[in-house]
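Coordinate analysis (summary)
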Amino acid sequence: MKDEESILSRRSFLGAGARATAPPWAAGVFGTGRPYKEAAFRAARWIDSLEIHRGVNTIWPISPGASVSFDLYSGIPGVVLFQLALSKAGSRDALTRAMAGANTLIEHIASGETKSGLYVGIAGISWTLERVYQQSRVAVYRDHARLAARTALESLPNETDVVFGLAGVGYMLLRMSESVGDSALLDGAVTCGERLLDRAQETDDGGVRWLMRSGDEVEMPGFSHGTAGVVAYLATLYQATGSERFLSAASAGGRHLIALSEGDDCMIPRKPTERIFYSGWCHGPVGTARAFHALNVAEGGRWADWVVKCAKAVRKGVGFEDWNNFGLCCGLAGKLAFFLDLFAASGSQNWLVVAKRLGDELVRGAVSSDGELCWPHAEHRVKPSEIVAQSGLMQGASGIGLTLLQLDAVLGGESASTYLPDNPFLYPNNINPE
Ligand SMILES: [Zn+2]
């Protein structure tokens, strides 16, 4: 508690950190002062070892010898986003790799992708292609990104959630409309919001909730598949449109989340029918904090205490069913990204101290071979013996590498350079208009 109150000077903080954390292999091309960037570039080498070329296209399987995915969650889009970040960080051939991956995604869309979600489906591919265009300025990626966005708009999902459903697609359409200036995409984002209003269910605690699919009997209140993700989206949509009905529903959803919370910090069970608590982006306070932050921005600071309660729960780390996972979805990288978000939103060095500690854990947890780094882990808590090193965004080396690059950038006084449409912490100030 005491250390949380002490503010370190930037110089002493960076100096102490660099001495204390450099791993033995970090005396590479960047010197001992950049261990996180070094680790990210070594992760990139491991991902490079998986790549398969098909003409002007490149694919990366989810893991060595495994199948290929086209989803942002675990497939090629995440590797492409990592390549874009590597290019910004100085890698000479990463932009070429990103475009070769984007070529594969364009071919995949043409073959008839049927899902429209952000993390599973065409919305995530659209977002990725737009980022490739923003960095390469090659028009074919812009054209296909916007074509894909229209396709997602015309085939909105039935699910409500961020991963598969309306909240995730709505986030993509909203952010894409801001950077592209296409009012039809904003109209689509509003349609997603209206459909979510129709799906809100009143709860006994005076709030509302959203079930992922019609007919579901058990609620998952977290960010990836439930109420927290929908609340974040509707609060963000209110900021963009000024429409009070979205804020009213988001606020009622926030009250329901508070009613589900236990203890002094924000502890919400993965499902109200079981007392199992996850800490991460998917079902834990790392993700739920996004709902409270979006509400807090929309309602002038009323929800700030709940953002901090989420942060304290994660930092304390007590009472969670954590398992061997390093990824952005369920594990360490997601926590690191969260504390970087908190630092970006508050400017408080206290959160950066926690982020750096988690970055050190991530680096120490890597498996090193021939100068390459990967993170073998269990994707699922209930399958702890299925240990696999993945290449993608939410469970693999791309997401971990991206986050380590963000930590390196922040320690160098820069802002995080890569962001996703569903992160309310990074908007609106980090939007890159054309
Ligand atoms: Zn997860």
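Residues numbered from 1 in each chain as written. Predicted model: local features only at pLDDT ≥ 70, side-chain atom pairs only at ≥ 80, totals over all residues.

For the chain, the helix and strand inventory stands at 16 helices and 8 strands. Relative to a compact globule of 434 residues, whose C-alpha radius of gyration would be 22 Å, the chain shows 20 Å and is just as compact. Taken along the three principal axes of its C-alpha coordinates, the chain extends 55 × 55 × 40 Å. The buried share of the chain, taken over its 434 residues, is 56%. Sequence-distant contacts, at least 24 apart, represent 64% of the contacts inside the chain between residues at least 6 apart. (Helix = DSSP H or I, 4+ residues; strand = E, 2+ residues; numbered from the N terminus. Rg over C-alpha atoms; globule rule 2.2 N^0.38 Å. Buried ≥ 20, exposed ≤ 12 C-beta atoms within 10 Å, placed from the backbone. Contact = placed C-beta atoms within 7 Å.)

We now examine helix α14 (residues 332-346). Across its 15 residues, α14 extends 21 Å between first and last C-alpha, which sits within 8% of the 21 Å expected from 1.5 Å per residue. Buried residues dominate α14, accounting for 12 of its 15 residues. Among all positions in α14, only L332, A333, G334, K335, L336, A337, F338, F339, L340, D341, L342 and F343 are buried. Check the buried side of α14 and you find it contacts α12 (285-298), α13 (304-316), α15 (349-365) and α16 (397-411). (Expected span 1.5 Å × (residues − 1).)

We note that R137 has phi near 60 degrees; this positive angle belongs to a residue other than glycine. If you trace the backbone, R137 turns up in the loop between α6 (122-136) and α7 (139-154). The backbone of D370 shows a phi angle near 50 degrees, a positive value even though the residue is not glycine. Turning to its location among the elements, D370 is positioned in the loop between β5 (367-369) and β6 (372-374).

Averaged over every residue, the pLDDT of the chain is 90; the share at 70 or more is 90%. Here residues 1-22 is modelled with pLDDT under 50, and outside its nearest four sequence neighbours on either side it reaches 13 contacts, counting other chains as well. Confidence drops under a pLDDT of 50 for residues 24-30, and excluding neighbours within four residues, the segment shows 8 contacts in the predicted structure. (pLDDT = per-residue confidence, 0-100.)

Another point: the packing of α12 against α14. Put simply, α12 and α14 touch, their axes get as near as 9 Å, and they point 25 degrees apart. With respect to α14, the axis of α12 lies roughly parallel. Facing α12, whose interface residues are V286, A289 and H293, α14 presents G334, K335, F338 and A345. In terms of residue class, the contact of α12 with α14 is built from 4 nonpolar, 2 polar and 1 charged. (Axes fitted to C-alpha atoms, helices over the stretch in contact; angles between N-to-C directions. Parallel < 35°, antiparallel > 145°, perpendicular 65-115°, else oblique. Nonpolar A, V, L, I, M, F, W, Y, C, P; charged D, E, K, R; others polar.)

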